[in-house]
Amino acid sequence: MKSRLSLILFLSILLSVGSTGFAQKKNPRLQSGQNLRNTILDMLRSAKETKVGASTCDPSKLLKSLPKKKLVPSKEDLKKEIDRMMDSLTYPKSVLVSTSHFDAMEYFNQVTKMTDFVFKVQKKDYGQVPPSRRKVVQDYYFQLKRAKKEGFNLKKISFTHKKCKVTVLTNLKPVKWVRGYKKNAFVMGMDWKITTDITFECPCVNNSDKDVKKATYSYTADTKGPMRFNDLGLNLKPITRYGLRFEKVTTPKYVLAELRCCLVSSNPPQDGSFVSPDEDINDETQYIDTSVGISFGSEEETEAIAFAGWFFQVANIGENPLYVGPKLTVNTTALNGNDFKATRFVVGPSAEYKIPVGSGSTQIITGVNAGYSFGNIDSFGFEQTTSGFNVGAYTGVEIGIGPNLGLGILLNFFEYNNTTFKAKEDDFKTTVSNSTFLTDRAGITVGVRLGLD
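For every chain, the first residue of its written sequence is number 1, and the numbers climb from 1 along that sequence. A pLDDT threshold of at least 70 governs which residues receive local features in this predicted model, and a stricter bar of 80 or more applies before side-chain atom pairs are shown or counted, although totals over entire chains, interfaces and linings include all residues. Where side-chain values are given, they derive from all heavy atoms of the structure, hydrogens and water being excluded.

Asks: Quick question: what am I supposed to make of the packing of aromatic side chains here?
Replies: We describe a pair of aromatic rings using the distance from one ring centre to the other and the angle between the two ring planes. What counts as a ring pair is set by centres within 6.5 Å for rings of Phe, Tyr and Trp (its six-membered ring), and what kind of pair is set by the plane angle: stacked under 30 degrees, edge-to-face over 60, tilted for all other angles. The full count for this structure, using the stated rule, is 16 aromatic pairs. Taken together, a centroid distance of 4.7 Å and an interplanar angle of 15 degrees make the contact between Tyr219 and Tyr254 stacked. Here Tyr219 is found in strand E6 (residues 212–228), whereas its partner Tyr254 is found in strand E10 (residues 250–261), with 35 residues between them in sequence. Across the pair, Tyr254 and Tyr219 agree in class, each one buried. With a centroid separation of 5.2 Å and 15 degrees between ring planes, the pair formed by Tyr287 and Phe311 is classed as stacked. Secondary structure elements are taken from DSSP: a helix is a run of H or I of four residues or more, a strand is a run of E of two residues or more, and numbering for both begins at the N terminus. Accessible area is worked out with a 1.4 Å probe on protein chains only. A residue is then buried under 20% of its type maximum, exposed over 50%, and partly exposed in between.

Asks: Can you walk me through the side chain of Ser32 in this structure?
Replies: The residue Ser32 is located in helix H2 (residues 28–46) in this model. The contact definition used throughout considers only heavy atoms, calling two residues in contact when any of these lie within 4.5 Å. Once residues lying within four places of it in the same chain are set aside, the contact partners of Ser32 are Ile82, Tyr242, Leu244 and Arg245.

Asks: Mind showing me how you'd approach helix H6 (residues 114–122) here?
Replies: Residues spaced three or four apart along an α-helix point in a common direction, a consequence of the helix completing one turn every 3.6 residues. Every buried residue belonging to H6 is among Met114, Phe117, Val118, Val121 and Gln122, and all of these are buried. For H6, the buried positions fall inside an angular range of 110 degrees around the axis, keeping them on one side. Where H6 is buried, its residues contact helix H5 (101–110) and helix H7 (131–150). Positioned one or two residues after H6, Lys123 has a phi angle of 60 degrees, which is positive. The directions considered for the arc are those from the helix axis to the C-beta atoms.

Asks: Explain the confidence of the model for the protein chain to me, please; I cannot follow it from the model alone.
Replies: pLDDT: the predictor's confidence for each residue, scored from 0 to 100. Within the protein chain, residue pLDDT values average 82, and 84% of them lie at 70 or more. Within the model, the stretch residues 7–24 combines pLDDT values under 50 with twelve contacts to residues more than four positions away or in other chains. Below pLDDT 50 for its whole length, residues 268–283 participates in 43 contacts with residues either more than four positions away or in separate chains.

See the structure below:
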């Protein structure tokens with residue numbers, strides 16, 4: 001019996017050591033930082049606007065043009081913020097030896113005065129506690145009180161966007177804490193109020209009261225989740241716990257909290273280079289494009305076309321975005337079911353330039369793509385492989401049909417091919433170069449464009 005108990009104890013210690021090493025390697029606090037980042041992004045993306053009265057200037061398009069991911073600190077920065085919050089909520093164990101973290105926080109819920117808190121924690125009247133220890137307990141009481149009243153300000157973000165200075169400040173305020181989150185005795189359940197204020201400060205150089213001078217949008221949401229302090233494993237080595245975790249936000253909303261429009265001056269400035277916030281602005285920084293269609297000509301076989309591309313914004317030209325990314329295109333006549341079957345693949349870079357129209361939900365597209373082409377041809381049993389170089393140009397339109405989702409309609413109007421044909425039966429090769437315009441062969445595709453912001 002003793003040998004079994006010894007074996008069980010040994011295995012428990014071994015598992016504790018293994019789990020400790022795994023937890024440290026996986027870095028649960030960094031995972032909590034990513035969880036908090038996703039929670040704030042969830043609020044920013046799902047918030048419903050609370051309407052306010054109309055004004056001469058409208059900052060809403062300026063707000064919509066901001067990439068949401070730029071408004072939230074990185075998971076590494078948020079890990080540091082969670083570390084700081086946990087330090088503020090952790091009682092000084094070297095002094096409060098007889099009290100656990102959870103007991104101290106529960107005592108705070110039960111009292112209304114600092115002296116009562118000291119009595120609860122120290123089990124002595126306020127005057128009987130040594131001054132040095134009393135000061136530490138008092139400081140912890142006011143630390144918890146300040147946290148519930150003011151919350152925790154996360155790392156401030158500042159950057160320039162469309163000539164405007166953008167400042168983002170997020171506050172996380174604990175509203176309530178209850179021991180035993182979801183019946184787990186080792187965690188504290190926390191209710192939180194999240195607030196994110198986004199402020200624009202723009203130069204007034206257009207001499208128009210339709211331009212924004214200063215605007216602040218305030219986002220709010222509620223969330224909850226467990227809190228767990230660091231502790232010791234069976235091997236008495238410290239284990240870093242996740243600290244804080246957050247569930248999906250509830251009641252997300254935002255409101256225009258402050259707005260100041262530019263004043264019209266009797267002496268208008270000569271410099272008109274400032275871009276008005278009323279201008280249509282694209283808000284995507286990367287997206288995936290997938291399309292299918294047909295390519296046909298009067299003297300050539302009809303081809304089916306399919307392609308997929310991943311595009312990243314690399315620059316602005318004339319205040320409109322330029323995107324670059326890899327693209328794979330497939331052209332085939334195999335669906336025709338006749339004695340001539342050809343399939344060609346093109347892999348290489350593409351570039352697209354977008355020009356918003358109207359409210360910005362519709363955009364004109366022009367693009368070019370180039371790459372290495374390869375494939376095969378089966379003509380009445382005579383087989384050839386192809387390889388070469390391909391360049392194409394296209395234009396079209398993207399129509400927004402939902403958040404981060406659009407319908408793309410593209411027309412290929414030019415294509416240049418330099419292709420080498422090689423027969424499979426012998427070493428015969430021949431290279432052909434040709435250019436095809438819209439009047440020779442038209443290619444039309446329709447597909448879905450998915451924004452990744």
